[in-house]
Amino acid sequence: MAIVFSLVSLTVAKVLEFSGLVDNRNALRTRKMEEKALEVYDVIRSIRDPEKPSTLEELDVVTEKCVEVQELAEDEYLIIIKFSPTVPHCSLATLIGLCLQVKLQRCLPFKHKLEIYISEGTHSTEEDINKQINDKERVAAAMENPNLREIVEQCVTEPDD
């Protein structure tokens, strides 16, 4: 009986493969992840730089290519963002990462896990900063600081708000 079941499973898999249904499903999944990535990018592109009168998009700190979305489960996603500070010794890279965390946690309408990193080779202390901005306890502690919270609010608030 097990042999028959294996043969039927193999036959069904081959029929699906040759019919293009499997590829269509993969194409739909890929398109869905690309759409989610654009949705994430639309949220972060308008975050303002803490010391310049420009957005992160205008400064090329974030781009469409820096956002990756993977499906973890039905309606649950892993979002990976790799941003590039404007200079390798940017003193505000941690603050930019905090702004990304806060804005995405507030604005995304779907269940997600968030990982934010500095793009490899774009900052002198990227490993330390990556640990800080992905540590939930450190993020929560930072947002308890009224001065820091005010700066984050100024960066993440939309001009129309």
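Please read these numbers as outputs of a predicted model, since none were measured by experiment.

Rules used in this analysis
- Residues numbered from 1 in each chain as written.
- Predicted model: local features only at pLDDT ≥ 70, side-chain atom pairs only at ≥ 80, totals over all residues.
- Heavy atoms only, no water.
- Pairing = 2+ DSSP bridges.
- Helix = DSSP H or I, 4+ residues; strand = E, 2+ residues; numbered from the N terminus.
- Axes fitted to C-alpha atoms, helices over the stretch in contact; angles between N-to-C directions.
- Contact = heavy atoms within 4.5 Å.
- Buried < 20%, exposed > 50% of the residue type's maximum accessible area, 1.4 Å probe, protein only.
- Arc of directions from axis to C-beta.
- Parallel < 35°, antiparallel > 145°, perpendicular 65-115°, else oblique.
- Left-handed = near helix turned anticlockwise from the far one by under 90°.
- Nonpolar A, V, L, I, M, F, W, Y, C, P; charged D, E, K, R; others polar.

Draft legend 1. Region of interest: the sheet that holds strand 2 (residues 76–83). Spatially, 1-2-3 is the arrangement adopted by the three strands of the open sheet, whose pairing is mixed. Each end of this open sheet is capped by a strand with a single partner; those strands are strand 1 (67–73) and strand 3 (111–118). Averaged over all pairs of adjacent strands, the angle between strand axes in this sheet comes to 20°, irrespective of strand direction. The sheet contact formed by strand 2 and strand 3 spans eight bridges and is parallel. Across the sheet, the residue bridging to L78 is K113, located in strand 3. Strands strand 2 and strand 3 of the sheet are contacted by helix 3 (residues 93–107), whose axis makes an angle of about 165° with strand 3. Its contacts with the sheet put helix 4 (residues 126–133) on strand 2 and strand 3, and the angle it makes with strand 3 is roughly 160°.

Draft legend 2. View of unusual backbone geometry. A positive phi is found at D60, a non-glycine position, where the angle reads about 60°. With respect to the secondary-structure elements, D60 resides in the loop between helix 2 (21–44) and strand 1.

Draft legend 3. Molecular detail of helix 4. Three or more residues of helix 4 are buried, namely E126, I129, N130 and I133. Buried residues in helix 4, looked at end-on, bunch into an arc of 105°, giving them a common side. What points out from helix 4, more than 90 degrees from its buried face, is the exposed set E127 and K131. Buried residues belonging to helix 4 abut strand 2, helix 3, strand 3 and helix 5 (136–144).

Draft legend 4. Inspection of helix 6 (residues 146–156) at higher detail. If you check which residues of helix 6 are buried, you get V152, C155 and V156. Considered in projection along helix 6, the buried side chains sweep an arc of 85° and stay on one side of the axis. Facing away from the buried side of helix 6, by more than 90 degrees, are the exposed residues P146 and N147. For helix 6, the elements touching its buried residues are helix 3 and helix 5.

Draft legend 5. Fine view of the environment of T63. Positionally, T63 belongs in the loop between helix 2 and strand 1. Each C-alpha atom, one on T63 and one on K82, is 9.2 Å from the other, the two residues being 19 residues apart in sequence.

Draft legend 6. Region of the structure containing the packing of helix 3 against helix 4. At their nearest, the axes of helix 3 and helix 4 sit 10 Å apart, and the two run at 30° to each other. Here helix 3 lies roughly parallel to helix 4, going by the angle between them. Handedness of the crossing formed by helix 3 with helix 4: right-handed. Contacts between helix 3 and helix 4 involve A93, T94, G97, L98 and Q101 from the former and I129, Q132 and I133 from the latter. Tallied by class, residues from the contact of helix 3 with helix 4 come to four nonpolar, four polar and no charged.

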